Amino acid sequence: MSRADLLAAWHDHLALGLRRSHHTVRAYDKAAERLLTRMGLSSWDAVAEITATRLRTHLASRRAEGLSNASAARELSALKGFIAFARTQAGHAVSDPPRLRGPSIKKGLPRPVTPDDAIGLADAVEALAAEDWIGARDRAVLLLLYGAGMRIAEALSLTGSALPLGERLIVSGKGGKQRVVPLLPIVREAVADYAARCPYPMAKDDALFRGARGGPLSQGMIQKATARARKVLGLPDSATPHALRHSFATHLLGAGADLRSLQELLGHASLGSTQIYTKVDAARLLDTYRSAHPREKD
(Lines give C-alpha, C1' and ligand atoms only; values in the text may rest on other atoms or scores of the structure.)
Protein backbone atom coordinates (compact mmCIF):
# COMPACT_ATOMS: atom_id res chain seq x y z
CA MET A 1 0.00 0.00 0.00
CA SER A 2 1.35 3.39 -0.98
CA ARG A 3 1.31 6.64 0.97
CA ALA A 4 -1.29 7.94 -1.46
CA ASP A 5 -3.53 4.96 -0.64
CA LEU A 6 -3.32 5.76 3.08
CA LEU A 7 -4.24 9.38 2.48
CA ALA A 8 -7.11 8.44 0.17
CA ALA A 9 -8.57 6.09 2.78
CA TRP A 10 -8.19 8.74 5.48
CA HIS A 11 -9.86 11.33 3.25
CA ASP A 12 -12.84 9.05 2.55
CA HIS A 13 -13.16 8.23 6.25
CA LEU A 14 -13.41 11.94 7.08
CA ALA A 15 -15.54 13.08 4.16
CA LEU A 16 -17.86 10.10 3.72
CA GLY A 17 -17.71 8.25 7.02
CA LEU A 18 -17.65 11.14 9.48
CA ARG A 19 -19.10 13.71 7.06
CA ARG A 20 -16.72 16.42 8.23
CA SER A 21 -16.79 19.82 6.55
CA HIS A 22 -14.70 20.51 3.46
CA HIS A 23 -12.37 22.81 5.41
CA THR A 24 -11.84 20.25 8.19
CA VAL A 25 -11.15 17.47 5.69
CA ARG A 26 -8.60 19.60 3.86
CA ALA A 27 -6.79 20.56 7.08
CA TYR A 28 -6.76 16.99 8.42
CA ASP A 29 -5.58 15.64 5.06
CA LYS A 30 -2.62 18.02 5.09
CA ALA A 31 -1.74 17.17 8.68
CA ALA A 32 -1.67 13.44 7.87
CA GLU A 33 0.37 14.03 4.71
CA ARG A 34 2.99 16.02 6.64
CA LEU A 35 3.27 13.28 9.26
CA LEU A 36 3.72 10.51 6.68
CA THR A 37 6.26 12.51 4.67
CA ARG A 38 8.42 13.62 7.61
CA MET A 39 8.44 10.20 9.26
CA GLY A 40 8.79 8.33 5.96
CA LEU A 41 5.81 6.06 6.65
CA SER A 42 3.75 4.17 4.06
CA SER A 43 1.77 1.48 5.89
CA TRP A 44 -1.01 1.35 8.46
CA ASP A 45 1.18 -0.75 10.75
CA ALA A 46 3.89 1.91 10.76
CA VAL A 47 1.43 4.71 11.53
CA ALA A 48 -0.24 2.59 14.21
CA GLU A 49 3.11 2.22 16.03
CA ILE A 50 3.66 5.98 16.45
CA THR A 51 4.22 6.70 20.13
CA ALA A 52 3.40 9.80 22.12
CA THR A 53 7.12 10.66 22.19
CA ARG A 54 7.45 10.55 18.39
CA LEU A 55 4.27 12.52 17.95
CA ARG A 56 5.48 15.13 20.45
CA THR A 57 8.75 15.49 18.51
CA HIS A 58 6.86 15.96 15.25
CA LEU A 59 4.63 18.62 16.78
CA ALA A 60 7.64 20.37 18.32
CA SER A 61 9.15 20.73 14.85
CA ARG A 62 5.88 22.19 13.62
CA ARG A 63 5.83 24.68 16.50
CA ALA A 64 9.39 25.69 15.58
CA GLU A 65 7.99 26.70 12.19
CA GLY A 66 5.76 29.26 13.90
CA LEU A 67 2.58 27.27 14.44
CA SER A 68 0.20 29.01 16.86
CA ASN A 69 -1.37 27.34 19.89
CA ALA A 70 -4.73 27.06 18.17
CA SER A 71 -3.22 25.58 15.00
CA ALA A 72 -1.06 23.19 17.01
CA ALA A 73 -4.09 21.99 18.96
CA ARG A 74 -5.98 21.41 15.73
CA GLU A 75 -3.06 19.51 14.19
CA LEU A 76 -2.75 17.33 17.29
CA SER A 77 -6.45 16.53 17.11
CA ALA A 78 -6.10 15.61 13.43
CA LEU A 79 -3.09 13.36 14.02
CA LYS A 80 -4.64 11.61 17.01
CA GLY A 81 -7.61 10.77 14.82
CA PHE A 82 -5.35 9.62 12.02
CA ILE A 83 -3.33 7.32 14.28
CA ALA A 84 -6.51 5.91 15.86
CA PHE A 85 -7.85 5.24 12.36
CA ALA A 86 -4.56 3.58 11.39
CA ARG A 87 -4.73 1.28 14.41
CA THR A 88 -8.20 0.20 13.39
CA GLN A 89 -7.03 -0.41 9.81
CA ALA A 90 -4.04 -2.39 11.06
CA GLY A 91 -6.29 -4.59 13.17
CA HIS A 92 -4.97 -3.50 16.57
CA ALA A 93 -7.07 -4.52 19.53
CA VAL A 94 -6.68 -1.04 21.01
CA SER A 95 -7.38 1.85 18.62
CA ASP A 96 -6.99 4.69 21.11
CA PRO A 97 -4.56 7.42 19.97
CA PRO A 98 -1.35 8.28 21.89
CA ARG A 99 -2.04 10.15 25.11
CA LEU A 100 -0.70 13.63 24.53
CA ARG A 101 -2.11 16.93 25.77
CA GLY A 102 -2.29 19.85 23.42
CA PRO A 103 -1.35 23.46 24.16
CA SER A 104 -3.77 25.51 26.22
CA ILE A 105 -5.90 27.90 24.21
CA LYS A 106 -7.42 31.02 25.65
CA LYS A 107 -10.91 31.25 24.27
CA GLY A 108 -11.88 34.82 23.60
CA LEU A 109 -15.49 35.89 23.69
CA PRO A 110 -17.19 36.62 20.37
CA ARG A 111 -17.42 40.35 19.68
CA PRO A 112 -20.87 41.20 18.34
CA VAL A 113 -21.78 44.38 16.52
CA THR A 114 -24.81 46.49 17.35
CA PRO A 115 -28.06 45.98 15.41
CA ASP A 116 -27.57 49.33 13.67
CA ASP A 117 -24.00 48.42 12.68
CA ALA A 118 -25.11 45.02 11.38
CA ILE A 119 -27.67 46.60 9.07
CA GLY A 120 -25.19 49.37 8.27
CA LEU A 121 -22.65 46.80 7.07
CA ALA A 122 -25.23 45.15 4.84
CA ASP A 123 -26.24 48.49 3.34
CA ALA A 124 -22.62 49.62 2.93
CA VAL A 125 -21.49 46.53 0.99
CA GLU A 126 -24.35 47.20 -1.41
CA ALA A 127 -23.46 50.86 -1.86
CA LEU A 128 -19.73 50.15 -2.39
CA ALA A 129 -20.11 47.34 -4.93
CA ALA A 130 -18.91 47.83 -8.49
CA GLU A 131 -22.24 46.64 -9.97
CA ASP A 132 -25.81 46.83 -8.69
CA TRP A 133 -26.42 43.07 -8.78
CA ILE A 134 -23.18 42.40 -6.89
CA GLY A 135 -24.21 44.90 -4.23
CA ALA A 136 -27.59 43.21 -3.91
CA ARG A 137 -25.83 39.84 -3.66
CA ASP A 138 -23.46 40.92 -0.88
CA ARG A 139 -26.27 42.56 1.07
CA ALA A 140 -28.39 39.41 0.82
CA VAL A 141 -25.55 37.22 2.11
CA LEU A 142 -24.84 39.44 5.12
CA LEU A 143 -28.53 39.61 6.01
CA LEU A 144 -28.71 35.82 5.97
CA LEU A 145 -25.85 35.76 8.49
CA TYR A 146 -27.34 38.39 10.78
CA GLY A 147 -31.04 37.79 10.18
CA ALA A 148 -30.97 33.98 10.24
CA GLY A 149 -27.77 33.18 12.13
CA MET A 150 -26.32 31.18 9.25
CA ARG A 151 -22.64 30.39 8.85
CA ILE A 152 -21.14 31.98 5.75
CA ALA A 153 -20.43 28.51 4.30
CA GLU A 154 -24.09 27.59 4.82
CA ALA A 155 -25.32 30.70 3.03
CA LEU A 156 -22.97 30.16 0.10
CA SER A 157 -23.95 26.49 -0.21
CA LEU A 158 -27.57 27.40 -0.99
CA THR A 159 -28.76 26.53 -4.49
CA GLY A 160 -31.46 27.83 -6.77
CA SER A 161 -33.80 25.21 -5.33
CA ALA A 162 -34.19 27.44 -2.23
CA LEU A 163 -36.11 30.00 -4.31
CA PRO A 164 -38.53 31.47 -3.71
CA LEU A 165 -37.75 31.77 -0.01
CA GLY A 166 -40.60 31.21 2.40
CA GLU A 167 -40.88 31.99 6.08
CA ARG A 168 -38.57 29.07 6.91
CA LEU A 169 -35.50 27.58 5.32
CA ILE A 170 -33.90 24.15 5.75
CA VAL A 171 -30.16 24.64 6.24
CA SER A 172 -27.48 21.94 6.00
CA GLY A 173 -24.86 22.67 8.65
CA LYS A 174 -21.72 20.98 9.93
CA GLY A 175 -21.64 17.23 9.47
CA GLY A 176 -24.63 17.44 7.13
CA LYS A 177 -26.93 18.11 10.08
CA GLN A 178 -30.07 19.91 8.96
CA ARG A 179 -32.04 22.52 10.85
CA VAL A 180 -34.93 24.85 10.14
CA VAL A 181 -34.35 28.59 10.46
CA PRO A 182 -37.05 31.29 10.29
CA LEU A 183 -36.54 34.08 7.76
CA LEU A 184 -37.51 37.67 8.43
CA PRO A 185 -39.22 39.64 5.62
CA ILE A 186 -36.12 41.86 5.21
CA VAL A 187 -34.00 38.76 4.55
CA ARG A 188 -36.46 37.25 2.07
CA GLU A 189 -36.79 40.55 0.23
CA ALA A 190 -33.00 40.99 0.00
CA VAL A 191 -32.50 37.51 -1.49
CA ALA A 192 -35.41 38.00 -3.91
CA ASP A 193 -33.98 41.36 -5.01
CA TYR A 194 -30.60 39.77 -5.67
CA ALA A 195 -32.14 36.83 -7.58
CA ALA A 196 -34.07 39.26 -9.80
CA ARG A 197 -30.92 41.27 -10.58
CA CYS A 198 -28.48 38.36 -11.04
CA PRO A 199 -27.49 38.18 -14.74
CA TYR A 200 -26.96 34.42 -14.66
CA PRO A 201 -29.66 31.75 -15.01
CA MET A 202 -30.67 30.25 -11.66
CA ALA A 203 -31.17 26.51 -12.15
CA LYS A 204 -32.20 24.49 -9.11
CA ASP A 205 -28.86 22.70 -8.86
CA ASP A 206 -26.77 25.83 -9.44
CA ALA A 207 -25.24 27.92 -6.66
CA LEU A 208 -27.63 30.64 -5.56
CA PHE A 209 -24.88 33.19 -4.97
CA ARG A 210 -22.60 33.75 -7.96
CA GLY A 211 -19.25 35.35 -8.49
CA ALA A 212 -18.69 38.06 -11.11
CA ARG A 213 -18.00 35.43 -13.79
CA GLY A 214 -20.93 33.23 -12.90
CA GLY A 215 -19.21 30.61 -10.77
CA PRO A 216 -20.07 29.90 -7.12
CA LEU A 217 -19.32 32.87 -4.86
CA SER A 218 -16.31 32.41 -2.57
CA GLN A 219 -16.13 33.34 1.09
CA GLY A 220 -13.11 35.51 0.35
CA MET A 221 -15.15 37.90 -1.81
CA ILE A 222 -17.70 38.46 0.96
CA GLN A 223 -14.91 38.96 3.49
CA LYS A 224 -13.23 41.56 1.25
CA ALA A 225 -16.49 43.41 0.68
CA THR A 226 -17.16 43.46 4.42
CA ALA A 227 -13.63 44.73 5.12
CA ARG A 228 -14.16 47.66 2.73
CA ALA A 229 -17.51 48.47 4.29
CA ARG A 230 -16.30 48.44 7.89
CA LYS A 231 -13.46 50.83 7.02
CA VAL A 232 -15.96 53.27 5.56
CA LEU A 233 -18.18 52.91 8.63
CA GLY A 234 -15.25 53.16 11.04
CA LEU A 235 -15.95 49.74 12.58
CA PRO A 236 -13.25 47.57 14.21
CA ASP A 237 -11.55 44.65 12.45
CA SER A 238 -13.69 42.30 14.54
CA ALA A 239 -16.75 43.33 12.47
CA THR A 240 -16.47 40.33 10.14
CA PRO A 241 -19.14 38.24 8.39
CA HIS A 242 -18.82 35.64 11.17
CA ALA A 243 -19.37 38.37 13.76
CA LEU A 244 -22.84 38.86 12.28
CA ARG A 245 -23.76 35.31 13.27
CA HIS A 246 -22.42 36.03 16.77
CA SER A 247 -24.50 39.19 16.82
CA PHE A 248 -27.62 37.26 15.81
CA ALA A 249 -27.13 34.94 18.79
CA THR A 250 -26.21 37.66 21.29
CA HIS A 251 -29.10 39.92 20.37
CA LEU A 252 -31.63 37.07 20.53
CA LEU A 253 -30.34 36.04 23.94
CA GLY A 254 -30.55 39.62 25.15
CA ALA A 255 -34.15 39.76 23.94
CA GLY A 256 -35.09 36.76 26.07
CA ALA A 257 -34.46 33.72 23.84
CA ASP A 258 -33.74 30.52 25.78
CA LEU A 259 -30.52 28.59 25.25
CA ARG A 260 -32.17 25.45 23.85
CA SER A 261 -33.99 27.39 21.16
CA LEU A 262 -30.80 29.31 20.36
CA GLN A 263 -28.89 26.03 20.10
CA GLU A 264 -31.37 24.79 17.50
CA LEU A 265 -31.25 28.02 15.51
CA LEU A 266 -27.44 28.03 15.42
CA GLY A 267 -27.10 24.32 14.68
CA HIS A 268 -24.76 23.66 17.61
CA ALA A 269 -24.18 20.00 18.38
CA SER A 270 -23.92 20.67 22.11
CA LEU A 271 -25.43 23.20 24.47
CA GLY A 272 -21.93 24.03 25.71
CA SER A 273 -21.14 25.76 22.42
CA THR A 274 -24.22 27.94 22.82
CA GLN A 275 -23.56 28.82 26.45
CA ILE A 276 -20.66 31.08 25.49
CA TYR A 277 -23.27 33.67 24.49
CA THR A 278 -24.41 33.96 28.09
CA LYS A 279 -20.90 35.21 28.84
CA VAL A 280 -21.07 37.63 25.92
CA ASP A 281 -24.36 39.05 27.15
CA ALA A 282 -23.04 39.28 30.72
CA ALA A 283 -19.93 41.09 29.47
CA ARG A 284 -22.05 43.58 27.56
CA LEU A 285 -24.22 44.13 30.63
CA LEU A 286 -21.11 44.80 32.71
CA ASP A 287 -19.89 47.34 30.16
CA THR A 288 -23.24 49.10 30.35
CA TYR A 289 -23.11 49.05 34.15
CA ARG A 290 -19.61 50.53 34.19
CA SER A 291 -20.57 53.34 31.83
CA ALA A 292 -23.82 54.19 33.58
CA HIS A 293 -23.35 53.52 37.30
CA PRO A 294 -22.70 56.74 39.30
CA ARG A 295 -19.84 55.21 41.31
CA GLU A 296 -18.00 54.23 38.12
CA LYS A 297 -17.92 57.91 37.16
CA ASP A 298 -16.27 59.11 40.36
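Here's what I pulled together on the structure shown here. (Residues numbered from 1 in each chain as written. Predicted model: local features only at pLDDT ≥ 70, side-chain atom pairs only at ≥ 80, totals over all residues. Heavy atoms only, no water.)

**Some thoughts on the environment of Ala-27**
- Note on placement: Ala-27 falls in helix H2 (residues 22-39).
- Considering only alpha carbons, one finds Ala-27 and Ala-78, 51 residues apart in sequence, at a separation of 8.1 Å. (Helix = DSSP H or I, 4+ residues; strand = E, 2+ residues; numbered from the N terminus.)

**Describing the nonpolar core**
- Counting 43 residues, the largest nonpolar core has Leu-144, Met-150, Leu-169 and Phe-209 as the members making the most contacts within it.
- When residues of this core are assigned to their parent elements, the largest contribution, 11 residues, is made by helix H7 (residues 132-148).
- With residues up to four places along the chain from it excluded, the contact list for Leu-144 reads Gly-149, Met-150, Ala-155, Leu-158, Leu-183, Val-187, Val-191 and Phe-209.
- Leu-7, Leu-36, Leu-55 and Ile-83 belong to the second-largest nonpolar core, a separate cluster that totals 25 residues. (Core = buried A, V, L, I, M, F, W, Y, C linked by side-chain atoms within 4.5 Å. Buried < 20%, exposed > 50% of the residue type's maximum accessible area, 1.4 Å probe, protein only. Contact = heavy atoms within 4.5 Å.)

**Topic: unusual backbone geometry**
- The omega angle of the peptide bond from Leu-163 to Pro-164 is -10 degrees, so this bond is cis rather than trans.
- Within the secondary structure, Pro-164 sits in the loop between helix H8 (152-156) and strand E1 (168-172).

**Some thoughts on helix H6 (residues 115-128)**
- With 14 residues, H6 extends 20 Å between its outermost C-alpha atoms, agreeing within 8% with the 20 Å of an ideal straight helix rising 1.5 Å per residue.
- Residues of H6 that are buried: Ala-118, Gly-120, Leu-121, Ala-122, Ala-124 and Val-125. (Expected span 1.5 Å × (residues − 1).)

**Some remarks on the packing of aromatic side chains**
- Counted under the stated rule, the structure contains six aromatic pairs.
- A centroid spacing of 5.7 Å and a plane angle of 45 degrees characterise the contact between Trp-10 and Phe-85, whose relative ring orientation is tilted. Highlighted residues: Trp-10 in helix H1 (residues 3-17) and Phe-85 in helix H5 (residues 69-89), separated in sequence by 75 residues.
- A residue is classified by how much of its surface remains accessible, and Trp-10, at 2% relative accessible area, is buried.
- Members of the aromatic cluster, each reached through a chain of ring pairs, are Trp-10, Trp-44, Phe-82 and Phe-85.
- Positioned above the aromatic ring of Trp-133, the side-chain terminus of Arg-137 is 5.7 Å from the ring centre. (Phe/Tyr/Trp six-rings, centres within 6.5 Å; stacked < 30°, edge-to-face > 60°. Lys NZ or Arg CZ within 6 Å of the ring centre and 35° of its normal.)

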